[in-house]
Every structure is written in structure tokens, then in C-alpha cells.
Amino acid sequence: MISLTISADTVEDEIREYNELISRADSRSIYDDVAQLQIDVSNLKAATADSGWLTLPLSEGIVAYNEANIPQYRKIGKLVITRGTVKGITARNTVIGNLPVGYRPTKANPYVQNTSLGSGNVATQTRVTVTTTGDIKLEAISSDAVFGADKWFPIATMFLID
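Predicted model only: the values in this text are computed from it and were never measured.

Caption draft 1: Representation of the overall build of the protein within the structure. In terms of regular secondary structure, the protein is built from one helix and 11 strands. Reading the protein from its N terminus to its C terminus gives the helix and strand order α-β-β-β-β-β-β-β-β-β-β-β. Taken over 162 residues, the protein has a buried fraction of 28%. Here the analysis covers contacts within the protein between residues at least 6 apart in sequence; of these, 61% occur between residues at least 24 apart.

Caption draft 2: Summary view of the packing of aromatic side chains. Counted under the stated rule, the structure contains two aromatic pairs. Relative to Tyr-103, the ring of Tyr-73 lies with its centre 5.0 Å away and its plane at 85 degrees, an arrangement referred to as edge-to-face. Of this pair, Tyr-73 sits in strand S3 (residues 72-76) while Tyr-103 sits in the loop between strand S6 (94-98) and strand S7 (109-115), placing them 30 residues apart in sequence. Across this residue pair, the class does not change: Tyr-73 and Tyr-103 are buried. The ring centre of Tyr-65 lies 5.7 Å from the NZ or CZ of Lys-87, which sits over that ring.

Caption draft 3: Here's a closer look at the sheet that holds strand S1 (residues 54-55). Reading across the sheet, the four strands line up as S1-S3-S4-S11 and stay open at both edges, with antiparallel pairing between neighbours. Strand pairing shows two members of the sheet lacking a second neighbour, S1 and strand S11 (157-160), which therefore form its edges. Inspection of the sheet shows S1 paired to S3 by two bridges, in the antiparallel sense. Following the sheet pairing, Thr-55 is matched in S3 by Gln-72.

Caption draft 4: Structural detail: the pairing of S11. Side chains Thr-157 and Phe-159 of S11 all project onto a buried face; the interleaved residues Met-158 and Leu-160 project onto a face where none is buried. Sheet topology places strand S4 (residues 79-83) next to S11; four bridges connect them, and they run antiparallel. Each residue of the ladder has a partner; that of Ile-81, found in S11, is Met-158.

Caption draft 5: Representation of the sheet that holds strand S10 (residues 153-154) within the structure. Taken in spatial order, the three strands line up as S2-S5-S10 in an open sheet, and their pairing is antiparallel. Two strands close off the open sheet at either side, each with one partner strand: strand S2 (63-64) and S10. As paired strands, S2 and strand S5 (residues 85-87) are joined by two bridges and run antiparallel to one another. Bridge pairing in S5 links Ala-64 to Val-86.

Reading the values: the criteria
Each residue is numbered by its place in its chain's sequence as written, counting from 1. Selection of residues for local features in this predicted model requires a pLDDT of at least 70, selection of side-chain atom pairs for listing and counting requires 80 or more, and totals for whole chains, interfaces and linings are taken over all residues. With hydrogens and water set aside, each side-chain value is computed from the structure's full complement of heavy atoms. Only DSSP runs of H or I reaching four residues or more are called helices, and only runs of E reaching two or more are called strands; each is numbered from the N terminus. Remark: exposure states derive from per-residue accessible area (1.4 Å probe, protein chains only) relative to the maximum for the residue type, with buried under 20%, exposed over 50%, and partly exposed in between. Note on definitions: a residue-residue contact is assigned when non-hydrogen atoms from the two residues lie within 4.5 Å. Here a pair means two rings of Phe, Tyr or Trp (six-membered ring of Trp) with centres within 6.5 Å. Their orientation is stacked below 30 degrees between planes, edge-to-face above 60, and tilted elsewhere. Distance and angle both matter: a charge sits over a ring if NZ of Lys or CZ of Arg is within 6 Å of the ring centre and within 35 degrees of the ring normal. Strands are treated as partners if at least two bridges between them are detected by DSSP.

Dropping the structure here:
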């Protein structure tokens, strides 16, 4: 017959060691969870960072149509937004202004925009492209539209950047 003798001190030591192991494992798990949470918060901040509205630098001869429609741009995460209205465009393929690096599309972003009324109060459109170099370029206007220094040309668009 085999006899085992275990002292109370030995049992208490074993329990203490076990509890310390569990505690360290829980601490590591909590530390890992906190570290991952910090990474997630950092990524969320980057994805939703907002530059606020910034004034768009305009090309020579191009000015804001009025104080209520100053050309501006903004970036929220990877979304770039432009707004405002300009005048002073007298020909096709006019560069209105230029977006800085970090606000430019990786592919050209063409869009159609309403513009000043044509003769007989007919609605007219313009084709504007935001290029990969940041130029906001008025490429053409509809057949009823007329170029003129006093005509208004909105630059409202939005696009995603990489």
C-alpha cells in the first residue's frame, strides 16, 4: 500500500502558483486587448480625420463669384469635397485652381455641373475635371452656355482618394 502525505503548506503553495499563473495570463490577455483597442482607435481617427474647410488657391484671373461661395476644399478620411463658385473664366480648358498633394485623386475625376443660364434662361452645364495633378479644370460648356468674366461656374464635387 502506498501512502501519500501532502502538507497544507504544499497545497497552499501550489494554489498560489496556479493563481499567479492565471493572473499573469489574464494580464497578458488584457494587455493585448488594450493594445488592439489603441490600434483600432488610431485607425478610426485616421479614417475620420477632418481637415476642415480650406480656401482653394485660384489661378490668375479666376475669383470667387461672391463672398458666400468662396471656393474651398476639405478632406474627411479619404473623402475630398470641393465647393464654391468662381467667375473670370473666358475659355475652355481653363484651370480654376489646384488641390495640394494629399487631396488629389489617383484617377481623373470628371463631372458635369450646372452653370450660368444661357440665352432665354435655358439651363446650361459645364464639364469639370479634377486631375491627378490637382488641377480643377473647366473643359467645356453646353452649347447654350456663354463664357464671360461675369458668368458663374460652381465647383461642387466629391471623390475618394487612396
